[in-house]
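Structural characterization, general
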Amino acid sequence: QVQLVESGGGLVQAGGSLRLSCAASGRTFRFSPMGWFRQPPGKEREFVSAITWTGNIYYADSVKGRFTISRDNAGNTVYLQMNSLKPEDTAVYYCGAGRGGPPNWDFDYWGQGIQVTVSS
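A few points on the structure.

Calculation criteria
Here the residue numbers are simple positions, counted from 1 along each chain's written sequence. Local features in this predicted model are restricted to residues whose pLDDT is 70 or higher, and side-chain atom pairs enter the listing and the counts only when it is 80 or higher, whereas totals over whole chains, interfaces and linings include all residues. Neither water nor hydrogens contribute to the side-chain values; these are computed over all heavy atoms in the structure. Numbering goes from the N terminus for both helices and strands, where a helix is a DSSP run of H or I of at least four residues and a strand is a run of E of at least two. Radius of gyration here is computed from C-alpha atoms only, and the compact-globule reference equals 2.2 Å multiplied by the residue count raised to the power 0.38. Only the protein chains shown count as cover for residues, with accessible areas throughout obtained via the Shrake-Rupley method and a probe of 1.4 Å. The charge count treats Lys and Arg as positive and Asp and Glu as negative. His and the chain ends do not count. A charged residue contributes its charge at one atom only: NZ of Lys, CZ of Arg, CG of Asp or CD of Glu. Disulfides are defined as cysteine sulfur pairs within 2.5 Å. When DSSP finds two or more bridges between two strands, those strands count as paired. Only the contacting stretch of a helix is used when fitting its axis, a line to C-alpha atoms as for every element, and angles between N-to-C directions run 0 to 180 degrees. Note on terminology: a nonpolar core comprises buried Ala, Val, Leu, Ile, Met, Phe, Trp, Tyr and Cys residues joined through side-chain atoms within 4.5 Å. Using a 1.4 Å probe on the protein chains alone, a residue whose accessible area is under 20% of its type maximum counts as buried, one over 50% counts as exposed, and one in between counts as partly exposed. Any two residues whose heavy atoms approach within 4.5 Å at even a single point are treated as in contact. Aromatic pairs are defined between Phe, Tyr and Trp rings, using the six-membered ring for Trp, whenever the two ring centres lie within 6.5 Å; interplanar angles under 30 degrees are classed as stacked, those over 60 as edge-to-face, and all others as tilted. Charges are assigned to positions over rings by a cutoff of 6 Å between ring centre and Lys NZ or Arg CZ, combined with an angular limit of 35 degrees from the ring normal.

Helix and strand counts for the protein chain come out as zero helices and 11 strands. Of the regular secondary structure in the protein chain, the N- to C-terminal order runs β-β-β-β-β-β-β-β-β-β-β. For a compact globule of 120 residues, the expected C-alpha radius of gyration is about 14 Å, and the protein chain comes in at 13 Å, within 12% of that figure. Judged by the C-alpha coordinates and their principal axes, the protein chain covers about 40 × 25 × 25 Å. When the accessible area of the protein chain is evaluated, it comes to approximately 6100 Å², of which 46% is carbon and sulfur surface. A distance of 5 Å separates the average location of the 11 positive side-chain charges in the protein chain from that of its 9 negative side-chain charges.

It is worth spelling out the state of the cysteines at this point. Summed over the entire model, instances satisfying the criterion amount to one disulfide. In this model, C22 is linked to C95 through a disulfide, with the two sulfur atoms separated by 1.9 Å. Taking the torsion about the S-S bond as the criterion, the C22 to C95 disulfide, at about 45°, is right-handed. Taken together, the positions of C22 in strand β3 (residues 18-25) and C95 in strand β9 (residues 91-97) put the pair 73 residues apart, joining distant regions of the chain.

Quick look at the sheet that holds β3 now. Spatially, β1-β3-β8-β7 is the arrangement adopted by the four strands of the open sheet, whose pairing is antiparallel. Of all the strands in the sheet, just β1 (3-7) and β7 (67-71) have a single pairing partner and so form its edges. Direction aside, the axes of adjacent strands within the sheet are offset by 15° on average. Pairing geometry for β3 and strand β8 (residues 77-82), over six bridges, is antiparallel. Bridge pairing links R19 to Q81 in β8.

Counting residues in hydrophobic clusters, the biggest one holds 31 residues, and the most contacted among them are L20, W36, F67, V78, L80, M82 and Y93. Looking at this core, the elements with two or more residues in it are β3, β4 (34-39), β5 (46-51), β7, β8, β9 and β11 (114-119). Each residue touching M82, except ones within four places of it in the same chain, is listed here: G16, S17, L18, L20, R66, F67, Y93 and V116.

Okay, the packing of aromatic side chains next. Counted by the stated rule, this structure contains nine aromatic pairs. A centroid spacing of 5.0 Å and a plane angle of 85° characterise the contact between F31 and W53, whose relative ring orientation is edge-to-face. Here the residue F31 occupies a position in the loop between β3 and β4, and W53 occupies one in the loop between β5 and β6 (57-59), the gap between them amounting to 22 residues. The class of F31 is exposed, set by a relative accessible area of 57%. A relative accessible area of 43% places W53 in the partly exposed class. Here a set of aromatic residues connected by ring pairs shows up, and it is made of F37, F47, Y58, W105, F107 and W110. Here R19 stacks its cationic end above the ring of Y79, 4.3 Å away from the centre of that ring.

Here it is, written out as structure tokens:
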């Protein structure tokens, strides 16, 4: 059973930081892309960031300069460092992995999501 589990979410004030982690089990994603989507309340799910196994990195315009994506060498974990958080970053964040590519990043596997709330 392949599973992706997010952690590190929570409540933070505007301007603060959070670091999300997503741990994979059941298989390695060593040679697959991994990334993050988010779904703000009342809105559709949107792309946030992705990183390929070769090191190519993609960011949504809304998070460029504030968020940083990274991964371990074995493809077991993907991270999202979120700095200078804004209230509009409030969303359920989902990690994904396996195949996929720009612009839609239709990953094969998804986590259950984790809440990030940024207060003003």
